[in-house]
Amino acid sequence: MPRDEETPVEKRIRKQQMQPRISALWQALQPLRTTLSFMNSGAHPDDETSAMLAALGLRDGVHLSYVCANRGEGGQNDLGTENGATLGALRTAEMEQAAERLSMRLYWLSETPDDTISDFGFSKSGEETLRHWGDARTLKRMVDVVRRERPDILCPTFLDVPGQHGHHRAMTRIAQQIMSLSAKADYPESDLPPWQVKKLLLPAWGGGGDAYDDEVPPPMTTHVINAKGRDPVTGWSYEQIAQQSRVFHKTQGMGRWISPGDERDWPLHLLDSRVSDQTGSEGETLGAGIAARLSELAALPGAEPISQLLRDAEDCCGGAIAAFPEGKSVCDAAVKALGFLRLCRDECPDTLQDQILHRIDRMENSLSRVIWLASGAEASAIADQTWLTPGETADLSIETREGRTGNLTVTPQLPGGWVCDGTRIGPGPDAMPHDGYRASYDPLKPPTPALRVSFDILGTPVSVQLPINNPPVALPPRSATLVPEGAIINTATLSREIKTSLSGITPAGAVASLSPPEGWEIGVEGAGFAVAAPVDATPGLYDLPLTLDNAPARSVQRISYAHINATALTQEENLKIRVLNAEIPSVRVGYIGGGNDNVDAWLSAMGVQVEQVSDGDLQVPGALLRFDTIVIGIFALGFRTGLQDIMPELHAWMRDGGTLITLYHRPRDNWDPDSSAPAHLEIGQPSLRWRVTDKNAAVKHLAPDHPLLNTPNKITDDDWADWHKERGLYFAKSWGPEYTPLLEMSDPGETPHQGALLVGDIGDGRHIHCALILHHQMEQLTPGAFRLMANLLAKRSDGA
């Protein structure tokens, strides 16, 4: 375990520090104020409108939920090198923690790593996004989520306007269709009971910033969520609480300090209302025209049999809030309210069950949480193992305090197929592996394995579900890990062999094998394999499945960081090998990475003599003189300590004959237009205006005879084929006369960009700035990316 990862005890203490029991009780009391529910919708984890939600939920008591289209698997990663589905699983776990801080239920439209509703890359069009996601599938998933959650109000985070991310635009478009579809009894794609969302709100603020650039002004304001106040118990502003949630999105670099006075209000626009007495005037409460209190449910036609019970329950809920912080009085009032609501459930008229029972469910869950916290009782558990294969168990150390409760019992609540023997729990032979893409998350009902706590108080039975501090993760029964899982064979070199290591074989002693293509040879090499291609191997992509005892094996990506609960992604394991031809210049390369890519490993795989530049090298004058070419990896100026300070030295080294390559950076990565590069070079933002999202966009060579497009590899149209995700982003916006643009490209209907690849012959050396996502294309084994990268490495003195 890396020491920068928290131990279970350290995580336990941090959570305790983050929310003392008294503030947890105050937060739990707020949902007793109203039955109103509000669903925020977005495309990605981190699209939620956290500050507005914090005020609505933690001050006004509105029952919150967030529906997210995809797992953000195509996004950037400021934390590490996880990408693709593994990044999606990590961002899912981050989103769960962010939702928990806001006491917000969470739903996903995408259900698996290969779901069509994916973060397939940046899009500028809602139509394009829905074609990729599948319009019918996206609608069905959204209908299912809305019918399951039954929100009164739906509010997307972004507007459907030009200049906005296509994924965001698609979710706003879907929200408008949902207003009718989710209420249609004859909608054939869902077997859940219909539900009519009462109001659709849109943001009445613009979506500008460093990524987006809305081209039209926002709609007029009809409602304002006043969010500038502070929580009366902690003293934190709701904007500060929001950042306590957003900081869990570490892969996206989220979380910022909010100074006093920097808080905001949130204007909204009522686009669609399905309630009759709604005027939409500015300043009107969100719940106008909606039965948003228990007493208002009591006034519904036909509610006479339970009307007094509902009013009594509301009075007791108010009494519980008024009694804070005196725990016994809070408990007494909450227990009475719970009793009234249970009677309401039993006696609710059939004609009103569709409108009332789900609201009672939420209030019961909230009251149970309040009673637990106010009772002074405690129950917690910590496991001595995190990763469990079928047959393995973890010992739960369970601690309890009865407080004001009686008959307190704590039992493990387990997933299907798990077994419990005393305090030991674990997956049995039929248990499913952990789902890193689970479809929903409820902070009041944490995912299993968890603790089921039952007790009596004032003669009333109550139960709550509590999280295990470090919930164990079930692994598949048959798995192994190949390193690497993707490799290249460069026929421009003499080597035709790939060596892989194999670890984590489960079950122990299973016989592992790879299935080779015809004419290839596979031998055992230590704890792995040596894969040899024939000398005349045909260029292409080869897929070699891994088996254990002749049965398909699965890989396990274990994901563990201090800010999340451990999670895992399991997929079929295979070795992908790309055979390509990329001539390699004779250069010694130094790689200065920021921890966000694996470009140095891919350079080595190509046959390049490459060395990672250490922190020590950055501090020793002249230490970089041994290199012919230095490559600065993506975001490195923002993440690599000391790099910015030695840029003048690197510029001088370059002018003396070195080749300096900077891979794509964002303006926020400490990029200064006049000092980061050896001559003026400004990166464009917002990124939407300075990127090409069409992975198949035509690429024009502006200087077709330039050595970088010809030496040692002639770059042709074939090298721009089969790209993944997009061409590039954060293209250069302006540059000095020292630079020559080599490429031109654009998305359909847009002005062409020329800032994707710039070269400047300065002094006796050369600076190249490349905003193409070559690092990502190499991960995807795209042949042209390797050939172009080889050209960039060549020394100017070699004729390149």
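Source: prediction; values computed, not measured.

Structural notes on the overall build of the chain
Right, so step 1: Each helix and strand counted, the chain has 18 helices and 39 strands in total.
Right, so step 2: For 800 residues, the compact-globule formula gives about 28 Å, and the C-alpha radius of gyration of the chain, at 29 Å, lands near that figure.
Right, so step 3: Seen through its principal axes, the chain has C-alpha atoms that stretch 90 × 65 × 55 Å.
Right, so step 4: When each of the 800 residues of the chain is scored for burial, the buried share is 57%.
Right, so step 5: A separation threshold of at least 6 residues defines the contact pool for the chain, and within that pool the share at least 24 residues apart is 75%.
Right, so step 6: When the accessible surface of the chain is totalled, it reaches about 31,100 Å², and 49% of it is carbon and sulfur.
Right, so step 7: Positive and negative side-chain charges of the chain, numbering 72 and 104 respectively, have mean locations separated by a distance of 4 Å.

As for the sheet that holds strand E30 (residues 609-612)
Right, so step 1: An order of E30-E29-E31-E32-E39-E38-E36 is seen for the 7 strands of this open sheet, with the pairing classed as mixed. The open sheet has two edge strands, E30 and strand E36 (739-741), and neither has a second partner. On average, adjacent strands in this sheet sit at an angle of 20° to one another, irrespective of strand direction.
Right, so step 2: Summarising the sheet, E36 and strand E38 (residues 757-762) pair through 3 bridges and their orientation is antiparallel. Paired with Tyr-739 across the strands is Gly-760, a residue of E38.
Right, so step 3: In this fold helix H18 (residues 783-793) packs onto strand E29 (588-592), strand E31 (629-632), strand E32 (659-663), E38 and strand E39 (765-770), with an angle of close to 140° to the strand it touches most, E32.

A few points about unusual backbone geometry
Right, so step 1: In this structure, Pro-484 follows Val-483 across a cis peptide bond, with omega equal to 0°.
Right, so step 2: For Pro-484, the location among the structural elements is in the loop between strand E18 (479-483) and strand E19 (486-490).
Right, so step 3: For the peptide bond that leads from Gln-685 to Pro-686, omega is 0°, which places it in the cis range.
Right, so step 4: As for its placement among the helices and strands, Pro-686 is situated in the loop between strand E33 (681-683) and strand E34 (700-701).
Right, so step 5: Within the chain, Asp-46 stands out as a residue other than glycine whose phi angle is a positive 100°.
Right, so step 6: Of note, Asp-46 is situated in the loop between strand E1 (37-42) and helix H3 (50-58).
Right, so step 7: Judged by relative accessible area, Asp-46 falls into the buried class, the value being 11%.
Right, so step 8: Here Lys-725, not a glycine, exhibits a phi torsion of approximately 75°, which is positive.
Right, so step 9: Tracing the backbone through its elements, the reader meets Lys-725 in the loop between E34 and strand E35 (732-735).

Describing the nonpolar core
Right, so step 1: If you look at the biggest cluster of nonpolar residues, it comprises 76 residues, and the most contacted ones within it are Leu-650, Leu-772 and Leu-792.
Right, so step 2: At 7 residues, H18 tops the list of elements feeding residues into this core.
Right, so step 3: Discounting residues that sit within four places of it in the chain, Leu-792 has contacts with Thr-659, Ile-661, Leu-708, Leu-757, Ile-768, Cys-770 and Leu-774.
Right, so step 4: Ranked by size, the runner-up nonpolar core spans 63 residues in total, among them Ala-313, Cys-316, Ala-337 and Val-464.

Some words on the confidence of the model for the chain
Right, so step 1: Taken over all residues, the pLDDT of the chain has a mean of 94, while the share at 70 or more is 97%.
Right, so step 2: Every residue in residues 278-283 is under pLDDT 50, and counting partners more than four places away or in other chains gives 16 contacts.

Focus on the pattern of salt bridges
Right, so step 1: Per the counting criterion, the structure on display carries 42 salt bridges.
Right, so step 2: Note that Glu-750 and Lys-124 form a salt bridge whose closest N and O atoms lie 2.7 Å from each other. Within this pair, whereas Glu-750 is found in the loop between strand E37 (743-744) and E38, its partner Lys-124 is found in the loop between strand E3 (105-108) and helix H5 (126-133), the two being separated by 626 residues in sequence.
Right, so step 3: Of the residues examined, Glu-750 reaches a relative accessible area of 31% and is grouped as partly exposed.
Right, so step 4: Among the ionic pairs, Arg-401 bridges to Glu-378, the shortest N-O distance being 2.9 Å. Here Arg-401 is found in strand E10 (residues 394-401), whereas its partner Glu-378 is found in strand E8 (residues 378-383), with 23 residues between them in sequence.

Parameters at a glance
- Residues numbered from 1 in each chain as written.
- Predicted model: local features only at pLDDT ≥ 70, side-chain atom pairs only at ≥ 80, totals over all residues.
- Heavy atoms only, no water.
- Helix = DSSP H or I, 4+ residues; strand = E, 2+ residues; numbered from the N terminus.
- Rg over C-alpha atoms; globule rule 2.2 N^0.38 Å.
- Buried < 20%, exposed > 50% of the residue type's maximum accessible area, 1.4 Å probe, protein only.
- Contact = heavy atoms within 4.5 Å.
- Areas by Shrake-Rupley, 256 points an atom, 1.4 Å probe, with all protein chains shown as cover.
- Lys, Arg positive; Asp, Glu negative; His and termini not counted.
- Charge placed at Lys NZ, Arg CZ, Asp CG, Glu CD.
- Pairing = 2+ DSSP bridges.
- Axes fitted to C-alpha atoms, helices over the stretch in contact; angles between N-to-C directions.
- Core = buried A, V, L, I, M, F, W, Y, C linked by side-chain atoms within 4.5 Å.
- pLDDT = per-residue confidence, 0-100.
- Salt bridge = Lys/Arg side-chain N within 4 Å of Asp/Glu carboxyl O.

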